[in-house]
Amino acid sequence: MELHELDAHRHAAATRSGEVSYLDVGTGPVALFVHGLATNAYLWRNVIEPLAGQRRCLAIDLPGHGQSPVTAEQDVSIAALAQLIADFCDALGLDRVDLVANDTGGAVAQVFAARNPQRLATLTLTNCDTSDNLPPEAFKPTVELAATGALAPSAVALLDNIDAARDLVFGPGYEHPELLAPETVRAYLEPCFGTLDRALQFQRMVVTLDADDLRAVEPQLREFTVPTLLVWGTGDSFFDVSWAYWLRDTIPGVTRLVTLDGAKLFFPDERPAELARELERHWSEQPASHLAAS
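Remember, it's a predicted structure, so these values are computed and weren't measured experimentally.

K.L.:
Which residues make up the sheet that holds strand β7 (residues 228–233), and what values do they have?
P.N.:
Taken together, the eight strands give an open sheet; going across it, the order is β1-β2-β4-β3-β5-β6-β7-β8, and neighbouring strands pair in mixed fashion. A single partner strand is all that each edge strand has here, and the edge strands are β1 (10–15) and β8 (254–260). The average angle at which neighbouring strand axes cross in this sheet is 20°, direction not considered. The strands touched by helix α4 (residues 104–115) within the sheet are β3 (30–34), β5 (97–103) and β6 (120–128), with β5 carrying the most contacts at an inclination of about 140°.

K.L.:
Which residues make up the packing of aromatic side chains, and what values do they have?
P.N.:
Enumeration according to the criterion identifies eight aromatic pairs in this entry. Ring geometry for Phe170 against Tyr188: centres 5.5 Å apart, planes inclined by 55°, an arrangement best described as tilted. With Phe170 in helix α7 (residues 162–170) and Tyr188 in helix α8 (residues 182–193), this residue pair connects regions lying 18 residues apart in the sequence. Given the relative accessible area of 0%, Tyr188 is considered buried. Arranged with centres 5.3 Å apart and planes meeting at 35°, the rings of Tyr174 and Phe266 form a pair that is tilted. Separated by 92 residues along the polypeptide, Tyr174 in the loop between α7 and α8 and Phe266 in the loop between β8 and α13 (267–270) bring together distant segments of the chain. Members of the aromatic cluster, joined through ring pairs, are Phe170, Tyr174, Tyr188 and Phe266.

K.L.:
Mind laying out a negative patch on the surface, listing which residues take part and the relevant values?
P.N.:
A cluster of acidic side chains, namely Glu2, Glu5, Glu49 and Glu183, defines a negative patch on the protein surface. Of note, Glu5 is situated in helix α1 (residues 3–6). A relative accessible area of 40% means that Glu5 is categorised as partly exposed.

K.L.:
Run through the nonpolar core, naming residues and quoting values.
P.N.:
Grouped together as the largest cluster of nonpolar side chains are 105 residues, with contacts concentrated most on Leu32, Phe33, Trp44, Ile60, Phe88, Leu99 and Leu189. Broken down by element, this core gets its largest block of residues, eight residues, from helix α3 (residues 78–92). Setting aside chain neighbours within four positions, we find Ile60 in contact with Val20, Ser21, Tyr22, Leu32, Phe33, Val34, His35, Asn40, Ala41, Leu84, Ile85 and Phe88.

K.L.:
Mind laying out the packing of helix α6 (residues 151–158) against helix α9 (residues 196–208), listing which residues take part and the relevant values?
P.N.:
Here α6 crosses α9 at 130°, and the two axes come no closer than 8 Å. The orientation of α6 relative to α9 falls into the category oblique. In this structure, the crossing between α6 and α9 has a hand that is right-handed. Contact with α6, carried on its side by Leu151, Ala152, Pro153 and Val156, involves Leu196, Ala199, Leu200, Phe202, Gln203 and Val206 of α9 and no other residues of that element. Counted by class, the contact of α6 with α9 contains nine nonpolar, one polar and no charged residues.

K.L.:
Help me get a handle on the side chain of Glu278, residues and values and all.
P.N.:
Tracing the backbone shows Glu278 in helix α14 (residues 272–284). Reaching out from Glu278, the side chain makes a polar contact with the side chain of Arg256 at a distance of 3.3 Å. Dropping the residues within four chain positions of it, Glu278 is found in contact with Leu229, Val231, Arg256 and Val258.

K.L.:
Quick one: what's the story with α3, residue by residue and with numbers?
P.N.:
Compared with an ideal rise of 1.5 Å per residue, which puts 15 residues at 21 Å, α3 spans 21 Å between its outermost C-alpha atoms and is within 8% of the ideal. Within α3, 11 of the 15 residues are buried, leaving the element largely enclosed by the surrounding structure. Looking at the residues trailing α3, positive phi occurs at Gly93, about 70°.

K.L.:
Go over the confidence of the model for the protein, please, and point to the residues and values.
P.N.:
Per-residue confidence for the protein gives a mean pLDDT of 96; residues scoring 70 or more make up 98%. The element-level mean pLDDT for the protein is lowest in α1, coming to 87, with β3 highest at 99.

K.L.:
Mind laying out the pairing of β6, listing which residues take part and the relevant values?
P.N.:
Burial analysis of β6 places nine of its nine residues in the buried class, the great majority of the element. Both β5 and β6 contribute to a ladder of six bridges, which runs parallel. Paired with Ala101 across the strands is Leu125, a residue of β6. For the segment spanning β5, α4 and β6, crossover handedness is right-handed. Across three bridges, the pairing between β6 and β7 is parallel. Looking across to β7, one finds that Leu125 is bridged to Leu230.

K.L.:
Any chance you could break down the state of the cysteines for me, citing the residues and the numbers?
P.N.:
Cysteine pairs can be linked by a disulfide, which is a covalent bond between their two sulfur atoms. For the structure shown, the criterion picks out zero disulfides. A disulfide-free cysteine, Cys57 has its sulfur positioned 14 Å from the sulfur of Cys89, the nearest such atom. Its sulfur unpaired, Cys128 is 18 Å from the next cysteine sulfur, which belongs to Cys89. Classification of Cys128 by relative accessible area gives buried; the value is 0%.

Rules used throughout
- Residues numbered from 1 in each chain as written.
- Predicted model: local features only at pLDDT ≥ 70, side-chain atom pairs only at ≥ 80, totals over all residues.
- Heavy atoms only, no water.
- Pairing = 2+ DSSP bridges.
- Helix = DSSP H or I, 4+ residues; strand = E, 2+ residues; numbered from the N terminus.
- Axes fitted to C-alpha atoms, helices over the stretch in contact; angles between N-to-C directions.
- Contact = heavy atoms within 4.5 Å.
- Phe/Tyr/Trp six-rings, centres within 6.5 Å; stacked < 30°, edge-to-face > 60°.
- Buried < 20%, exposed > 50% of the residue type's maximum accessible area, 1.4 Å probe, protein only.
- Patch = residues over 30% accessible without salt bridge, like charges linked within 9 Å, V, L, I, M, F, W, Y side chains within 5 Å.
- Areas by Shrake-Rupley, 256 points an atom, 1.4 Å probe, with all protein chains shown as cover.
- Salt bridge = Lys/Arg side-chain N within 4 Å of Asp/Glu carboxyl O.
- Lys, Arg positive; Asp, Glu negative; His and termini not counted.
- Charge placed at Lys NZ, Arg CZ, Asp CG, Glu CD.
- Core = buried A, V, L, I, M, F, W, Y, C linked by side-chain atoms within 4.5 Å.
- Parallel < 35°, antiparallel > 145°, perpendicular 65-115°, else oblique.
- Left-handed = near helix turned anticlockwise from the far one by under 90°.
- Nonpolar A, V, L, I, M, F, W, Y, C, P; charged D, E, K, R; others polar.
- Polar contact = N/O pair within 3.5 Å; in protein donor to acceptor, adjacent residues only side chain to side chain.
- Expected span 1.5 Å × (residues − 1).
- pLDDT = per-residue confidence, 0-100.
- Right-handed = clockwise from strand over helix to strand, strands pointing away.
- Disulfide = S-S within 2.5 Å.

In structure tokens, the structure reads:
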């Protein structure tokens, strides 16, 4: 699905945590998709397309990403973003959702799920921050740059050369970054780095990454019985497959762990058909009582 086609399905919700822009495609029980840092709802565009006949697919933009605004006073910690998910569900009157998440969004999803198990019909986690791997080792130089205040101005300068920006920001997370269209790179990065003010807010979000937010909900995760699917690319330099095994061994609700050989962090963009197939299977295996309300 092309980006301009997706924007015909864009809406905004006023929540207690702030305004949230989101895509709303399809009909049926609600599937809610959450992205990570430096992407946005567009990450899920090619996953949503084959699923729209069986799910109402809602893909949000986190604050300061896509078309969701962020203020200097807004709490953008993992814990606060999990509350934003709850507030978004309240604003739209969503009862139970099939939650799907990637990257930093996976950490947000874990906190939301641990705090609100009754609000989920199912959970699906792809390569994401997990337990003590927040931030991941490969991302720590970026966090250190942010802590010095140097990330924001250098990020703004990146957009002067979109090919270089693609290779630097997305090269480690894509199997074939050279195939990522320039308009997609811009759609991801301009909301984060298009102005110095935006870049400063992104920098602030990077600095707030704290494993304590995940550690705090680990006891609840160990009691989480909602049907949970793990789909993990094995070629990821940020989130090694060992973290998928950690999740499998920690969350009693895990029904299946699927590994995708060679797939990297952003495989929902590159290999959407494989994820869509696993989601369809996961959802079809659940009893009717698990279906989310639309």
